[in-house]
Amino acid sequence: MAYVITRSCCNDAACVAVCPVNCIHPGPDEPGYARAEMLYIDPDTCIDCGACVDVCPVEAIVADFELDDERYADLNRAYYASPEHADYPSTRPKSSPEPLPEQHSPLRVAIVGSGPAGCYAAEALLNRKALDVDVHIFERLSQPWGLVRYGVAPDHQSTKAVAAQFNRTVTRDGATLHLDVEVGVDVTLDELLAGHHAVLYASGAADDRRLSVPGEDLPGSESATAFVGWYNGHPDHAGRDFDLTGDRAVVVGNGNVALDVARILTLPVDALADTDIAPHALSALAGSCIAEVVVLGRRGAEHAAFTTPELLALTETNGIDVVVDGPLPDPDDIADPITRFKVELLHEIAGRAATGAPKRIRLQFLSSPVEVLGSTRVTGLRVARNRLVTDEHGAVRAEATGNTTDIECGLVLRSIGYRATPLPGLPFDERTATLPNQRGRVHDPATGTPLPGVYVAGWLKRGPSGGVGTNKACAAETVAALLEDYAAGRLPEPRAVLR
Ligand code: NAP
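These numbers come from a predicted model, not from an experiment. Note that residues are indexed from 1 along each chain, following the sequence as it is written. Since the coordinates come from a predicted model, pLDDT governs what is reported: local features require at least 70, and pairs of side-chain atoms require 80 or more to be given and counted, while whole-chain, interface and lining totals use all residues. Working from all heavy atoms in the structure, the side-chain values ignore hydrogens and water.

S.K.: I keep staring at the sheet that holds strand S15 (residues 367-373) and nothing clicks. Help me out?
M.R.: Hydrogen bonds along the backbone pair up the strands of a sheet, which may run parallel or antiparallel. Only strands that DSSP links by at least two bridges are regarded as paired with each other. For helices the rule is a DSSP run of H or I covering at least 4 residues; for strands it is a run of E covering at least 2, with both sets numbered from the N terminus onward. Reading across from one edge, S15-S16-S17 is the order of the 3 strands in this open sheet, with antiparallel pairing throughout. Every other strand in the sheet has two partners, leaving S15 and strand S17 (396-408) as the edge strands with one partner each. Mean inter-strand twist for the sheet, computed between neighbouring axes without regard to direction, equals 25°. Across 6 bridges, the pairing between S15 and strand S16 (residues 380-390) is antiparallel. Across the sheet, the residue bridging to Pro369 is Val383, located in S16. Fitted lines through C-alpha atoms give the axes, limited to the stretch in contact for helices. The angle between two N-to-C directions lies from 0 to 180 degrees.

S.K.: Please explain helix H10 (residues 256-266) as it appears in this structure.
M.R.: Every α-helix winds through 3.6 residues per turn, so residues three or four apart in the chain are directed the same way. Throughout, exposure labels follow a simple rule: accessible area from a 1.4 Å probe, protein chains only, divided by the maximum for the residue type, with under 20% read as buried, over 50% as exposed, and the rest as partly exposed. The buried fraction of H10 amounts to 9 of the 11 residues, a majority that puts the element mostly inside the structure. The complete set of buried residues in H10 reads Ala258, Leu259, Asp260, Val261, Ala262, Arg263, Ile264, Leu265 and Thr266.

S.K.: Can you help me understand the nonpolar core in this one?
M.R.: Soluble, globular proteins show a tendency: their nonpolar side chains are buried together. In plain words, nonpolar cores are sets of buried Ala, Val, Leu, Ile, Met, Phe, Trp, Tyr and Cys residues tied together by side-chain atoms within 4.5 Å. The biggest cluster of nonpolar side chains holds 131 residues, and the ones touching the most others in it are Ile24, Leu107, Leu125, Tyr201, Tyr231, Leu265 and Leu363. Tallying contributions element by element places helix H4 (residues 116-127) first for this core, with 7 residues. Two residues form a contact once any of their heavy atoms are found within 4.5 Å. Once residues lying within four places of it in the same chain are set aside, the contact partners of Leu265 are Phe227, Leu244, Ala249, Leu285, Ile290, Val293, Lys359, Leu411 and Leu413. Membership of the second largest hydrophobic core comes to 14 residues, among which are Val250, Leu296, Val378 and Val383.

S.K.: Quick question: what am I supposed to make of the site of the ligand here?
M.R.: Think of it this way: one heavy atom of a residue within 4 Å of a molecule or strand is enough to make that residue near it. With respect to spatial proximity, 20 residues lie near the ligand, and among them Val257, Arg298, Arg299, Glu310 and Gly466 are the closest. Under this definition, polar contacts are N or O atom pairs within 3.5 Å; protein pairs additionally need one hydrogen-donor-capable and one acceptor-capable atom, and for neighbouring residues in sequence, both atoms have to be side-chain atoms. Between the ligand and the protein, one listed contact pairs an oxygen atom with a backbone N or O atom of Asn254 at 3.1 Å. Residue Gly466 places a main-chain N or O atom 2.6 Å away from an oxygen atom belonging to the ligand. Summarising the interface, the protein chains cover 77% of the accessible area of the ligand, which totals 920 Å² for the free molecule. Among the elements that take part in the shell around the ligand, H10 stands out by supplying 3 residues, more than any other. Each residue receives one of three labels: charged for Asp, Glu, Lys and Arg, nonpolar for Ala, Val, Leu, Ile, Met, Phe, Trp, Tyr, Cys and Pro, and polar for the others, Gly being one of them. Its residues placed into classes, the shell around the ligand shows 7 nonpolar, 9 polar and 4 charged. Computed with the Shrake-Rupley method and a 1.4 Å probe, the accessible areas treat only the protein chains shown as cover for residues.

S.K.: I would appreciate a short explanation of empty space enclosed by the protein in the present structure.
M.R.: Where empty space is left in the structure can be found by rolling a water-sized probe over the atoms. Detection works on a 1 Å grid of protein atoms alone, calling trapped sets that fit a 1.4 Å probe cavities and calling open sets with protein on both sides within 12 Å along at least five of seven lines pockets, with lining residues defined by an atom within 4 Å of a point. Grid points are joined across faces, edges and corners, and a volume is the space filled by probe spheres set on the points. Taken as a whole and judged by the stated rule, the model has 2 cavities of 30 Å³ or more. Counted as a void, the largest cavity has a volume near 70 Å³. Lining the largest cavity we find 13 residues, and of these Cys9, Cys10, Asp12, Cys15 and Cys56 sit closest to its centre. Of the residues in the lining of the largest cavity, the class split is 11 nonpolar, 1 polar and 1 charged. The computed volume of the second largest cavity comes to approximately 60 Å³.

S.K.: How should the pairing of strand S12 (residues 292-296) be read in this particular structure?
M.R.: Of all 5 residues that make up S12, 5 are buried, and the element is covered over most of its length. Burial of the side chains of S12 extends over both faces: Glu292, Val294 and Leu296 are buried on one face and Val293 and Val295 on the other. Note: strand S11 (residues 248-252) against S12, 5 bridges, orientation parallel. Each bridged residue has a counterpart across the sheet, and for Val251 the counterpart in S12 is Val295. Summarising the sheet, S12 and strand S14 (residues 359-364) pair through 5 bridges and their orientation is parallel.

S.K.: Would you take a moment to explain the sheet that holds strand S10 (residues 221-223) for this structure?
M.R.: Ordered by their spatial adjacency, 6 strands build an open sheet running S10-S18-S11-S12-S14-S13, and the pairing between neighbours is parallel. With partners counted over all chains shown, the strands left at the sheet margins are S10 and strand S13 (320-325), one partner each. Each strand axis lies, on average, 20° off the axis of its neighbour in the sheet, ignoring direction. With 6 bridges joining them, S13 and S14 adopt parallel strand pairing. When the sheet's bridge partners are listed, Val323 is paired in S14 with Arg362. Against the sheet, helix H9 (residues 224-231) contacts S10 and strand S18 (411-414), and its axis sits at roughly 70° relative to S10. Docked against the sheet, H10 engages S11, S12, S13, S14 and S18, running at close to 155° with respect to S14.

S.K.: Could you clarify how one ought to interpret the domain arrangement of the protein chain in this entry?
M.R.: Frequently, the measure chosen for interface size is the accessible area removed from exposure when the parts meet. Where each domain starts and ends comes from a domain assignment, either automatic or drawn from a database. The domain architecture assigned to the protein chain consists of domain 1 (3-85), domain 2 (107-206 + 420-487) and domain 3 (210-417). For domain 1 versus domain 2, the distance between C-alpha centres works out to 27 Å. Contact with domain 1, which involves 12 residues of that partner, is made by 14 residues of domain 2. Here domain 1 packs against domain 2, burying approximately 980 Å² in sum over the two surfaces, 52% of which is carbon and sulfur. Take the accessible area each of two parts loses on contact, using a 1.4 Å probe, and add the two losses: that sum is the buried area. For the domain 1 face of the interface with domain 2, the top three residues by lost area are Arg7, Asp12 and Pro57, together amounting to 40%. Note on definitions: salt bridges are taken to be side-chain nitrogens of Lys or Arg within 4 Å of carboxyl oxygens of Asp or Glu. The tally of links between domain 1 and domain 2 comes to 0 salt bridges.

S.K.: How do you make sense of the side chain of Thr159 when you look at a structure like this?
M.R.: With respect to the helices, strands and loops of the structure, Thr159 is situated in helix H6 (residues 157-160). Within the structure, Thr159 has its side chain in polar contact with the side chain of Arg7 (distance 3.5 Å). Leave out the neighbours within four places in its chain, and Thr159 touches Arg7, Ser8, Val58, Val152 and Val468.

Have a look at this one:
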């Protein structure tokens, strides 16, 4: 037998570190890790030791004979079909930790945000052997864990289980979690710097990108960010109202958030009742008339940003028919085995007969919104048919063909990515919506000079991509830079102790 990684993989790579035969890839130090949909176990080298199962925080690893859906075994195997992934060595290179200075008092670090990046940064500091450290985590809300609490869909409880690990981190000796403290409002960066050697921003990307098409601000045209916050009870969005009286909704965008909101809009309410969905959302969804959700991808199926495990899980969801509107590319024309697997799966879905389930998700590719229709509220969406063009840098873009169709609907949710907003007193790169940084050291973009003691991790550092656990390696890189600066005497001694 072999172990197999399944849908809830969070990419934290805890399994990679404990595998005695180096059969789980890509690891954080390997090409492709940052963009990997999930991690994969090589069935031909797995020795069934189960070490990976013990450390997986989200119960994603299952013995092949216990799989509910055997296609996950095919998906794990498919990764190793690529020539680049065929020859991994049987041991992993060991890295040595940064040297530390002689300490007369603890290193004091303030972390802004208690989501995945903040908690992983705290864990990396607390785990550093022989380091005397005092970590203070500041969270603006009264509940911790950021997107794990307020972003992950309520029917993905296994993914949310990582919160138990974060709870262990913030309750360790040396860690203090301060809830209801908004940095920039209740305490300034200068005050934090006066009380700490370093301030590490991990406050994520709470805003959303806009479509910039006419009608976008009509009632009934909303962001997926707000909808996700609403069904998860986020205090910024809990009071929102979403009109679910029409029989169709359109979700613009082709990422995992688009699949999440489409699924929550179509799941039988019984399937949500046992989750931690906000009660106001559960009762609104119980009265919903929406029977079809159209998910629009501006490029082709081979460019869909939703991940294969999420698509696999969707096809297994009771009560929802998934329909694919062609044309789909020929899988034989696709070199990357994981993309080929996804496209083959879409072909399989396209060939399936409807089961007669009460609700339907329609995946429509090569389609972009050009106008949200309606005079006082949304009545439809005008959609342009696209073709694919390759630009001078080799990137494949969508280009409108000039053909448009109107989709009648009462709700439009744009799900085209999160976006961070500028923070008081800090430089900001408007193009990437990140703090300009090198390996997590925030710097002045004009001169490249690091701002002493200021660091960044997570979506605010690299943009809004990756699963929960992708933030672990990202935070570890920032903490390594911070400790390098500490060892080199580049961190100013704190002048005051904050109360
Ligand atoms: P995402 O994965 O970056 O997807 C954004 C989508 O929006 C892409 O399909 C993109 O298309 C499309 N898009 C961007 N601008 C557009 C425009 N103007 N018009 C039409 N489409 C546009 O973002 P996300 O879905 O917000 O997810 C963020 C991250 O969280 C991702 O890494 C995701 O995997 C992760 N996540 C994971 C889970 C999970 O359950 N595993 C759940 C939620 C989120 P192009 O590709 O053409 O740019």
